[in-house]
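Residue-level listing of the chains:
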Amino acid sequence: MAQVIRPPKQYDVCIIGSGAGGGMAAKILTEGGLNCALLEAGPNVNPEKDFKMLMWPYEAPHRGAGVGGHARENFGEFLAPNGAWQIDGEPYTSAPGANFQWFRSRIVGGRTNHWGRIALRFAPIDFKSGSRDGLGDDWPITYEDLAPYYDKTEAYIGVFGTKENVSSAPDGVFLPPPKPRCTELMVKKACDKLNIICIPSRLAVITRSLNGRLPCHYCGQCGRGCITASNFSSSQVLLPPAMKTGKLTLITGAMAREIVVNKEGKAEGVSYVDKATRTEKRISARAIVVAASACESARLLLNSKSPAFPAGIANSSGTVGRYLTDSVGSSGSGYFPQLEKMPPHNHDGVGGMHMYMPWWKFDRKNDFPRGYHIEFGGGREMPGVGMFHGLCRDEEGYGATLKQRARQVYGTHIGFAGRGEMLPNPETYCEIDPDVVDQWGIPALRFHFKWSDYELLQAKDMQETFRAIVETMGGEYRTKTSIHGQYPFGIEAGGKIIHEVGTARMGADPKTSVLNGFCQAHDVKNLFVTDGASLVTNPDKNPTLTIMALSWRASEYLLEEAKKGNL
């Protein structure tokens, strides 16, 4: 049996995961005076070396597509370090008939290094949607409870936007937004005709200097990582101030195996694998904050079995791994011949959309519950890997003729993507696979996943809306979807939108939830979960801003409990 190396030091808090939830916890707890250890399964990140913001496509090996084009599966070699859908030695499985895709990031800052920076508040109704339509459950907290922490988070990380007084999209603390591009103005004009709300988007990209960070210089390459830290990532915005306190010990290459409990059932530390030496080590702490991402956190909780918690720590309710949801996603594209005549011009801006469509049918009866928002973009952005991969399929030609056609259609397409709310269902959850372990012997996750008719009807509505907008603009809708097959109406596979949440949800009743309203485990008072696992519902908003606000609120609560000696 391998010897467990036990350090002599006891930390106040051990945080697992350095992304949105873990990074925020590290900042608030260390600035509050607590000594913290932060475990990260991946290596550190060096923006100057690792980010490819100023690299031309032809400078990248295989032009960013990787050997055999396989890097395109993980968004390309070009992007900021981001992880992958499949990681060697770290398997996961899907149950028969299910197909869940799990994107994991193994690097300091986690998935905040590559996310789209779309920073949307949940609406007041999102916290009480169960009372509205009888589907699902209400949160144990209200919008008013979280609003001060939305304010703090937006003010600190920097979010641009405008105050619009749209009930489905609450206003926030905003920096000035960038001006709309030509293509966005075209979409806006069509939306006005169709009575679809179209407003400046809300992105965590600063347009003015903030806390020593330079404003965005509009190179449009956010996905490659931002050397100037103008777009938000935990690695560049949350962790540096935490490190400056002198109270944060960052331990990279640390694969958490188990949360260790004492005889009283209280968490006392974390057992992890040092990936460099392949030895098992242990961190001792008075409190544990789990923020490894929703499914990874569920895996850790389920694998943390003991006489006190035979089904996994904090799992007396049996709901760890349950209530898993991802955003409903369906996309489409329109071709606009009038853009062929558009004179080439500077298509600058942030690396993302300048406008978007919040849920606009909140005041009418629809064929499905809840709603979705629409993200869109197009025009003459820097050509990316595979930008013209469909041209040879759609049109004949080769050589100079094909190149001429590529130049002609460059910038003439606008893409649309819907992001909607999935309702939890009993056939969608994750559990420990009884037969599969990773390379360190840690049992792997097995996923069960199924879209219900609610989500399929949302995807249908998305496709109808995309077509209406494109045709109102005088374009040709090019996307073809089927009502049959594995993905009706173009609905994406579960997990593909990378908004999975809800595997250790909060609630007022310990019999049906894992955490209370402060992300504190009902069963273990010195255990907190501050990532997407805590979310009760998965509204039509990207969850990262809410994760950070919840983590800030939970961390302040943890600080107060520590001062009272309750941990």
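Everything that follows concerns the structure shown earlier in this document.
Residues numbered from 1 in each chain as written. Predicted model: local features only at pLDDT ≥ 70, side-chain atom pairs only at ≥ 80, totals over all residues. Heavy atoms only, no water.

*Asks:* I'm lost on the overall build of the protein in this one. Help?
*Replies:* Regarding its fold elements, the protein presents 11 helices and 17 strands. Here the protein has a C-alpha radius of gyration of 23 Å; the compact-globule value for 567 residues is 24 Å, and the two agree. Considering only contacts in the protein between residues 6 or more positions apart, those separated by 24 or more positions represent 72%. Split by element, the accessible area of the protein, about 23,200 Å² in all, is 52% carbon and sulfur. Of the side-chain charges in the protein, 63 are positive and 59 negative, and the distance between the mean point of each set is 3 Å. (Helix = DSSP H or I, 4+ residues; strand = E, 2+ residues; numbered from the N terminus. Rg over C-alpha atoms; globule rule 2.2 N^0.38 Å. Contact = heavy atoms within 4.5 Å. Areas by Shrake-Rupley, 256 points an atom, 1.4 Å probe, with all protein chains shown as cover. Lys, Arg positive; Asp, Glu negative; His and termini not counted. Charge placed at Lys NZ, Arg CZ, Asp CG, Glu CD.)

*Asks:* What exactly am I supposed to notice about the pattern of salt bridges here?
*Replies:* Pairing between side chains becomes possible if they bear opposite charge and their charged atoms approach one another. Here the structure, examined in full by the defined rule, presents 30 salt bridges. Two residues, Glu154 and Arg121, come together in a salt bridge whose shortest N-O distance is 2.6 Å. Taken together, the positions of Glu154 in helix H4 (residues 143–157) and Arg121 in the loop between strand S4 (93–94) and helix H3 (129–133) put the pair 33 residues apart, joining distant regions of the chain. For the pair Glu154 and Arg121, a shared accessibility class is recorded, and that class is buried. A salt bridge links Lys152 to Glu556; the nearest nitrogen and oxygen atoms lie 2.8 Å apart. Here Lys152, found in helix H4, pairs with Glu556, found in helix H11 (residues 544–563); they are 404 residues apart in sequence, far enough to count as distant. A residue is classified by how much of its surface remains accessible, and Glu556, at 25% relative accessible area, is partly exposed. A network of salt bridges, in which partner residues are shared, links Glu90, Arg106, Glu296, Arg299 and Asp438. (Salt bridge = Lys/Arg side-chain N within 4 Å of Asp/Glu carboxyl O. Buried < 20%, exposed > 50% of the residue type's maximum accessible area, 1.4 Å probe, protein only.)

*Asks:* Please explain the sheet that holds strand S11 (residues 355–357) as it appears in this structure.
*Replies:* The pairing of strands in a sheet happens through backbone hydrogen bonds and is either parallel or antiparallel. Ordered in space as S5-S11-S12-S13-S10-S16, the 6 strands form an open sheet in which the pairing is antiparallel. Where the open sheet ends on each side, the last strands, each with one partner, are strand S5 (199–200) and strand S16 (476–477). Pairing between strand S10 (residues 328–335) and strand S13 (residues 413–420): 8 bridges, direction antiparallel. Bridge pairing in S13 places Gly334 opposite Ile414. Strands S11, strand S12 (372–378) and S13 of the sheet are contacted by helix H5 (residues 182–194), whose axis makes an angle of about 30° with S11. Those strands touched by helix H10 (residues 453–472) are S10, S11, S12, S13 and S16, and its axis lies near 20° from that of S10. (Pairing = 2+ DSSP bridges. Axes fitted to C-alpha atoms, helices over the stretch in contact; angles between N-to-C directions.)

*Asks:* What is the right way to look at the sheet that holds S4 in this model?
*Replies:* On the basis of which strands lie adjacent, the open sheet formed by 3 strands has the order S4-S15-S14 and mixed pairing. Two strands lie at the open edges of the sheet, namely S4 and strand S14 (429–437), each paired on one side alone. Bridging between S4 and strand S15 (residues 443–448) involves 2 bridges; their strand directions are parallel. Looking at the pairing, Ser94 lines up with Phe447 of S15.

*Asks:* Honestly, unusual backbone geometry in this entry has me stumped. Any pointers?
*Replies:* Excluding glycine, residues mostly have negative phi values, and the peptide bonds linking residues are mostly trans. The phi torsion at Ser293 lies on the positive side, around 100°, for a residue other than glycine. Positive phi, close to 65°, is recorded for Ala314, a residue that is not glycine.

*Asks:* Please clarify how the packing of H5 against H10 should be interpreted in this entry.
*Replies:* When two helices pack together, their arrangement is given by the angle between the helix axes and by the axis-to-axis distance. It is the contact of H5 with H10, at a shortest axis distance of 9 Å, that shows an interaxial angle of 110°. It follows that H5 is roughly perpendicular to H10 by the angle criterion. For the crossing formed where H5 meets H10, the hand is right-handed. Here Val187, Ala190, Cys191, Lys193 and Leu194 of H5 lie close against H10, whose contacting residues are Ala468, Ile469 and Thr472. Of the residues contributing to the contact of H5 with H10, the split by class is 6 nonpolar, 1 polar and 1 charged. (Parallel < 35°, antiparallel > 145°, perpendicular 65-115°, else oblique. Left-handed = near helix turned anticlockwise from the far one by under 90°. Nonpolar A, V, L, I, M, F, W, Y, C, P; charged D, E, K, R; others polar.)

*Asks:* Even after reading the chapter, I still don't get the pairing of S14, so can you show me in this structure?
*Replies:* Moving residue by residue along a regular strand, the side chains alternate between the two faces of the sheet. In terms of strand pairing, S14 meets S15 through 5 bridges, oriented antiparallel. Opposite Ile432, over in S15, you have Leu445 as the bridge partner. Connecting the antiparallel pair S14 and S15 is a turn made up of 5 residues, with Gly441 showing a positive phi of about 80°.

*Asks:* Would you take a moment to explain H5 for this structure?
*Replies:* For an α-helix, 3.6 residues make a turn, and residues three or four places apart therefore share a direction. With 13 residues, H5 ought to run about 18 Å at 1.5 Å a step, and its terminal C-alpha atoms sit 19 Å apart, in line with that. Residues of H5 that are buried include every one of Thr183, Glu184, Met186, Val187, Ala190 and Cys191, and no others. Around the axis of H5, the buried residues are gathered within 155° of arc, so they sit on the same side. Facing away from the buried surface of H5 by more than 90 degrees, the exposed residues are Lys189 and Lys193. Contacts made by the buried residues of H5 are with S11, S12, S13 and H10. Just beyond H5, the residue with positive phi is Asn195, at close to 60°. (Expected span 1.5 Å × (residues − 1). Arc of directions from axis to C-beta.)

*Asks:* Please explain the nonpolar core as it appears in this structure.
*Replies:* In globular proteins that are soluble, nonpolar side chains generally tend to be buried together. Among the nonpolar cores identified, the biggest contains 130 residues, and Leu29, Ile288, Met357, Phe416 and Leu527 are the most heavily contacted of them. It is H11 that contributes the most residues to this core, 10 residues altogether. Contact partners of Phe416, with chain neighbours within four places excluded, come to Val187, Ser330, Ser331, Gly332, Met357, Ile374, Glu375, Phe376, Phe466, Ile469 and Val470. Ile199, Leu203, Val205 and Leu210 belong to the second largest nonpolar core, which has 15 residues in total. (Core = buried A, V, L, I, M, F, W, Y, C linked by side-chain atoms within 4.5 Å.)

*Asks:* Please explain the pairing of strand S9 (residues 279–290) as it appears in this structure.
*Replies:* Direction of pairing for strand S2 (residues 10–16) relative to S9: parallel, over a ladder of 6 bridges. Looking at S9, one finds that Ile16 is bridged to Val290. Both strand S8 (residues 267–274) and S9 contribute to a ladder of 6 bridges, which runs antiparallel. Along S9, the bridge assignment pairs Tyr272 with Lys281.

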